[in-house]
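# Chains, contacts and geometry: an overview
Here is what each chain is made of, one letter per residue.
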Amino acid sequence: MYLMLNHKLQKIKKYLKENLKKKFITLSKASFASSILFIEKKDDNLRFCMNCWKLNALIKRNRYSIFLINKVLAWIQDSKYLTRLNIIITFNKLYMSIESENLITFITFFDVYKYKVMLFKLINESTFFQHYINDMLFNCLHKFCQIYLNDILIYSKILKKHRTHVKEMLNKLREVDLQINIDKCEFKIQRISFLKLLIFINDLRMNSWKVDVIWSWKVLQSLIHV
């Protein structure tokens, strides 16, 4: 028990130091605060999170439109080359309004802090980021690319054009200071994973791992197992 508590304290201290240095958080004098929690990651590590459940219940939902997969397929119809760029999500580029900062105040064993930037896990973070990324890449959107949050799908009919489109997008990302995760990018291919689906040229399939749980569903043998 002591070892686990000490491990969490070290995680909190490290998180606070890093984010204070980046100026993503600052000390808060708010008369209220949310608790913190830890989410276990796949590598058995712990992720520091603020408990937003009660705050999210009070926030008015942003209804910014995010496109459906059928619209993506309509745009890429007849394309021969696909490239997917994955952006390292930069919610830290979205600053909270001064009057809203206190709402995302959290309390730790060390002190009380508040976020100055958009907090991942807030109910509207996805729509705000989609609005931001669409605005930053407006000149390319629906011209030769589709964007879903931090995934950019570039499509072209001719290889020469595709190279030009990819170069133009990379230059634009550099211009607006958005960084890609090169390990998650795929260039000049004819099959791609996008929106958790497999998109082929003129074809669409479900990712097998998404339906494995259905195929492996055990048949119930008695009412006791219901």
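Residues numbered from 1 in each chain as written. Predicted model: local features only at pLDDT ≥ 70, side-chain atom pairs only at ≥ 80, totals over all residues. Heavy atoms only, no water.

All right, on to the sheet that holds strand β7 (residues 145-148) then. Strand order in the open sheet formed by four strands is β7-β8-β4-β9, and the pairing between neighbours is antiparallel. Only two strands of the sheet have a single neighbouring strand rather than two, namely β7 and β9 (186-189). Strand-to-strand twist in this sheet, taken as the mean axis angle between neighbours without regard to direction, amounts to 15 degrees. Of the pairings in the sheet, the one linking strand β4 (residues 81-86) to strand β8 (residues 151-156) comprises six bridges and is antiparallel in character. Paired with Leu 85 across the two strands is Ile 152, which belongs to β8. On top of the sheet, helix α5 (residues 159-175) reaches β4, β7, β8 and β9; it is set at about 150 degrees to β8, its chief contact. (Pairing = 2+ DSSP bridges. Helix = DSSP H or I, 4+ residues; strand = E, 2+ residues; numbered from the N terminus. Axes fitted to C-alpha atoms, helices over the stretch in contact; angles between N-to-C directions. Contact = heavy atoms within 4.5 Å.)

All right, on to the layout of surface pockets then. Here the second largest pocket is characterised by a volume of approximately 240 Å³. If you go around the second largest pocket, you meet 14 residues; those closest to its centre are Met 96, Ser 100, Met 118, Leu 122 and Phe 128. Among the residues making up the lining of the second largest pocket, the classes are represented as 10 nonpolar, three polar and one charged. (1 Å grid on protein atoms, 1.4 Å probe; cavity = no way out; pocket = protein on both sides within 12 Å on 5 of 7 lines; lining within 4 Å. Points joined across faces, edges and corners; volume = space filled by probe spheres on them. Nonpolar A, V, L, I, M, F, W, Y, C, P; charged D, E, K, R; others polar.)

If you look at the biggest cluster of nonpolar residues, it comprises 38 residues, and the most contacted ones within it are Phe 106, Tyr 115, Ile 152 and Met 169. Those elements that provide at least two residues to this core are α1 (2-21), β3 (46-50), β6 (112-115), α4 (125-136), β7, β8 and α5. Counting five residues, the second-largest nonpolar core is a separate cluster that includes Val 72, Ile 76, Leu 82 and Leu 153. (Core = buried A, V, L, I, M, F, W, Y, C linked by side-chain atoms within 4.5 Å. Buried < 20%, exposed > 50% of the residue type's maximum accessible area, 1.4 Å probe, protein only.)

Taking 1.5 Å of rise per residue, the 12 residues of α4 would be expected to cover 16 Å, and the 16 Å separating its terminal C-alpha atoms lies within 8% of that figure. The complete set of buried residues in α4 reads Glu 125, Thr 127, Phe 129, Gln 130, Tyr 132, Ile 133 and Asn 134. Those residues of α4 hidden inside the fold are in contact with β7. (Expected span 1.5 Å × (residues − 1).)

Further remarks concern the side chain of Lys 114. Among the structural elements, Lys 114 can be located in strand β6. Reaching out from Lys 114, the side chain makes a polar contact with the side chain of Glu 101 at a distance of 3.4 Å. Among all residues touching Lys 114, those that are not within four sequence positions of it are Phe 24, Ile 25, Thr 26, Leu 27, Ser 28, Glu 101, Asn 102, Ile 104, Thr 105 and Phe 106. (Polar contact = N/O pair within 3.5 Å; in protein donor to acceptor, adjacent residues only side chain to side chain.)

The next subject is the confidence of the model for the protein. On average, residues of the protein carry a pLDDT of 79, and 81% of them reach 70 or more. Put simply, strand β12 (residues 203-206) is where the protein has its lowest mean pLDDT, 58, and α5 is where it has its highest, 91. (pLDDT = per-residue confidence, 0-100.)

One pass over the structure, following the stated rule, counts three aromatic pairs. With 6.1 Å between their ring centres and 45 degrees between their planes, Phe 129 and Tyr 132 make a pair best called tilted. With a gap of three residues between them, Phe 129 and Tyr 132 both fall in helix α4, about one helical turn apart. Like Phe 129, the residue Tyr 132 is buried in the burial classification. Members of the aromatic cluster, joined through ring pairs, are Phe 106, Tyr 113 and Tyr 115. (Phe/Tyr/Trp six-rings, centres within 6.5 Å; stacked < 30°, edge-to-face > 60°.)

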